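Below, each chain spelled out in residue letters.
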Amino acid sequence: VVVVLDVTRKPFVGVYFQRWEKPMAVNALLEEMYRLHTEWNTRDPKERQGFAPRAITGFDSTSMGGTIIRQQLANLTPKHPLNFAGNKVKINALTNLRGALSRKDILFPKGWTRMMREIMGYRVEDQKIVQDCVMAAAGCAEIAIRGFSGSVKQPFNLSYRLGRSR
């Protein structure tokens, strides 16, 4: 599942959503991640008042598959791994997502009904329910809300001096 949010200004808006019925092979998944990261990092620089847009790629790093993905994404920057191990982490992520949606800090298009159905129907006992869309949305929201936008707020200052305190 892929979810892309535009975080250039609040409310954050969902701009791309894709869910595949069958899990992708690792190589196909990596190719798609690189393609989308590149596409969203090179979109319409004029829109950003001369600054190139920056996309950050978040991914589920929970299992052994996440470790493999992290190793294969070594050259992709910026990126942010998300670990969804344990019920507490999932509950916090879902609570933050639902809170952002209720405050209208994040808006998803009306056509994203599959995702909204999963968000509203998610339960902690998620072994027998489809929950890949809701966790992708929760991860995306987590990155956006925490401010991992990939952009630099202040320019780097080369004149900063390091010294010992006395």
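Scoring rules and cut-offs
Residues numbered from 1 in each chain as written. Predicted model: local features only at pLDDT ≥ 70, side-chain atom pairs only at ≥ 80, totals over all residues. Heavy atoms only, no water. Helix = DSSP H or I, 4+ residues; strand = E, 2+ residues; numbered from the N terminus. Buried < 20%, exposed > 50% of the residue type's maximum accessible area, 1.4 Å probe, protein only. Contact = heavy atoms within 4.5 Å. Areas by Shrake-Rupley, 256 points an atom, 1.4 Å probe, with all protein chains shown as cover. Pairing = 2+ DSSP bridges. Right-handed = clockwise from strand over helix to strand, strands pointing away. Core = buried A, V, L, I, M, F, W, Y, C linked by side-chain atoms within 4.5 Å.

S.K.: Could you clarify how one ought to interpret the overall build of the protein chain in this entry?
M.R.: Secondary structure summary: the protein chain contains five helices and five strands in total. The N-to-C order of helical and strand elements in the protein chain reads β-β-α-β-α-β-α-β-α-α. Expressed as a percentage of the 166 residues in the protein chain, the buried residues total 34%. Across the protein chain, every contact between residues at least 6 apart in sequence was considered, and the portion connecting residues at least 24 apart equals 52%. In the form shown here, the protein chain has an accessible surface area of approximately 11600 Å², with 53% of it arising from carbon and sulfur atoms.

S.K.: Please explain the sheet that holds strand E1 (residues 2-6) as it appears in this structure.
M.R.: Sheet strands pair by backbone hydrogen bonding; their relative direction is either parallel or antiparallel. Ordered by their spatial adjacency, three strands build an open sheet running E1-E2-E5, and the pairing between neighbours is mixed. Only two strands of the sheet have a single partner each, and these edge strands are E1 and strand E5 (106-107). Pairing of E1 with strand E2 (residues 12-18), which is carried by five bridges, proceeds in the antiparallel orientation. Within the sheet, the bridge partner assigned to Val-4 lies in E2 and is Tyr-16.

S.K.: I tried to follow the pairing of strand E4 (residues 79-82) on my own but got confused; where do I start?
M.R.: Within a regular strand, the side chains alternate between the two sheet faces. Relative to E4, strand E3 (residues 57-60) is paired through four bridges, and the arrangement is parallel. Bridge pairing links Phe-59 to Pro-81 in E4. On the question of chirality, the crossover connecting E3 to the parallel E4 by way of helix H2 (residues 64-72) is right-handed.

S.K.: Even after reading the chapter, I still don't get the nonpolar core, so can you show me in this structure?
M.R.: As a rule of thumb, soluble globular proteins bury nonpolar side chains together. Membership of the largest hydrophobic core comes to 26 residues, with the highest contact counts inside it found for Leu-97, Ile-106, Phe-108, Met-115 and Ile-119. Secondary structure elements with two or more residues in this core: E1, E2, helix H3 (87-102), helix H4 (113-121) and helix H5 (132-146). Element by element, the count of residues in this core is highest for H5, at nine residues. When sequence neighbours within four positions are dropped, the list of residues in contact with Ile-106 reads Leu-5, Phe-12, Ala-100, Leu-101, Ala-141 and Ile-145. Core analysis: the next-biggest nonpolar cluster, separate from the first, contains six residues, Met-33, Ile-69, Leu-73 and Leu-76 among them.

The values are spatial; any link to function lies outside them.
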